[in-house]
Amino acid sequence: MASGKRPEHLAPPEIFYNENEARKYTSNTRMIEIQLKMTERAVELIALPEDTPCMILDLGCGSGLSGETLTEQGHIWVGVDISKDMLDVAQEREVEGDLLLGDIGQGMSFRPGTFDGAISISALQWLCNADKKSHNPVKRLYTFFSTLYSSLSRGSRAVFQFYPENGEQVELITQQAMKAGFTGGLVIDYPNSTKAKKMFLVLFVGGQQQLPRGLGTVPGERGVPGQVSNTNARQRSKAARGKPLKKSRDWILEKKERRRKQGKEMKADSKYTGRKRKDRF
């Protein structure tokens, strides 16, 4: 997508998604098909329990196309969007979800633990723009993620399919998500394909969860960025605060010294302490 043609460069979302644009989304067969596929993939990534109706939050729900997929799979959903015209079309189509008009950058006021998961299709990148003088993307992203975090049940996931303009936007978004309490990272489907490549931010609420593998990637294949965990980002953050990286030589030496002070017997330090051993076959 050329930089000058990105929708978020043309107008704020509540203006860009006017009545004409809203109706285009429900009449264009190609758009509907793409939206359907991305929603099905997002629902797959939030890993909901089988045969159990769940309460899902659809962020940037638009005209309700993604919500229809949730309904077909037996889930209950609430949709939030900033475009009144989009929501008007959703109401005309008599979608089964509850619809709310709102700016997610201002945060959300749902009760803690209301939702079993959240999805968002092609909306997250809009929060990186400052459409008004009062808009600060960093603050808006943090407000959004922190209120989203509280509205999700523990152990649940939030999955965002989005179109970042550059690496700086990816970093900005993931930093604010982690600051709000989430863990997780990027899942990239078909990373080597120009047309099929899709990026998903998969966020976890509490607990240890395995980041899913991107479609079109081979386990163990080098150079294929099917997963981008935020562990490295957290380690860089620790290093910036003067803390040694986990399992580094300095970290091991500090740990051994603490144990010696606790009266525990430790092997003497040597030039081999903290040295990474070669893999054995």
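Small disclaimer: the values here were computed from a predicted structure and weren't measured. (Residues numbered from 1 in each chain as written. Predicted model: local features only at pLDDT ≥ 70, side-chain atom pairs only at ≥ 80, totals over all residues. Heavy atoms only, no water.)

1. A word on the nonpolar core
Stage number 1. Within the largest apolar cluster, 32 residues are counted, with the highest numbers of intra-cluster contacts made by L124, F144, F145, L148 and F160.
Stage number 2. Elements with a minimum of two residues in this core: β1 (55-59), β2 (76-81), β4 (115-121), α7 (137-151), β5 (152-162), α8 (167-179), β6 (183-189) and β7 (198-204).
Stage number 3. With five residues, α8 is the single largest residue contributor to this core.
Stage number 4. Setting aside chain neighbours within four positions, we find F144 in contact with L59, I104, M108, L124, L127 and F160.
Stage number 5. Judged by nonpolar contacts, the second largest core, of 20 residues, contains V43, I46, V159 and L211. (Core = buried A, V, L, I, M, F, W, Y, C linked by side-chain atoms within 4.5 Å. Buried < 20%, exposed > 50% of the residue type's maximum accessible area, 1.4 Å probe, protein only. Helix = DSSP H or I, 4+ residues; strand = E, 2+ residues; numbered from the N terminus. Contact = heavy atoms within 4.5 Å.)

2. Describing the pattern of salt bridges
Stage number 1. Enumeration over the complete set of coordinates arrives at six salt bridges.
Stage number 2. Among the salt bridges present, the one from E33 reaches K37, with a minimum N-O distance of 3.4 Å. Here K37 and E33 lie together in helix α4 (residues 29-46), a separation of four residues that amounts to about one turn.
Stage number 3. For R93, the salt bridge goes to E68, with nearest N and O atoms at 2.6 Å. Taken as a pair, R93 in the loop between α6 (84-92) and β3 (98-101) and E68 in helix α5 (residues 65-72) lie far apart in primary sequence, 25 residues in all.
Stage number 4. Salt bridges linked by common partners bring R41, E44 and D189 together as one network. (Salt bridge = Lys/Arg side-chain N within 4 Å of Asp/Glu carboxyl O.)

3. Observations concerning α5
Stage number 1. For α5, every residue scored as buried is listed here: L65, S66, G67, T69 and L70.
Stage number 2. Of the residues trailing α5, G74 is marked for its positive phi of about 85 degrees.

4. Observations regarding the packing of α4 against α5
Stage number 1. For the pair α4 and α5, interaxial distance at closest approach is 9 Å and the crossing angle is 50 degrees. Compared by their axis directions, α4 and α5 come out oblique. Judged by the sense of rotation from one axis to the other, the crossing of α4 with α5 is right-handed. Of the residues in α5, those touching α4 at I32, Q35, L36, T39, E40 and V43 are L65, S66, T69 and L70.
Stage number 2. For the contact of α4 with α5, the per-class residue count stands at five nonpolar, four polar and one charged. (Axes fitted to C-alpha atoms, helices over the stretch in contact; angles between N-to-C directions. Parallel < 35°, antiparallel > 145°, perpendicular 65-115°, else oblique. Left-handed = near helix turned anticlockwise from the far one by under 90°. Nonpolar A, V, L, I, M, F, W, Y, C, P; charged D, E, K, R; others polar.)

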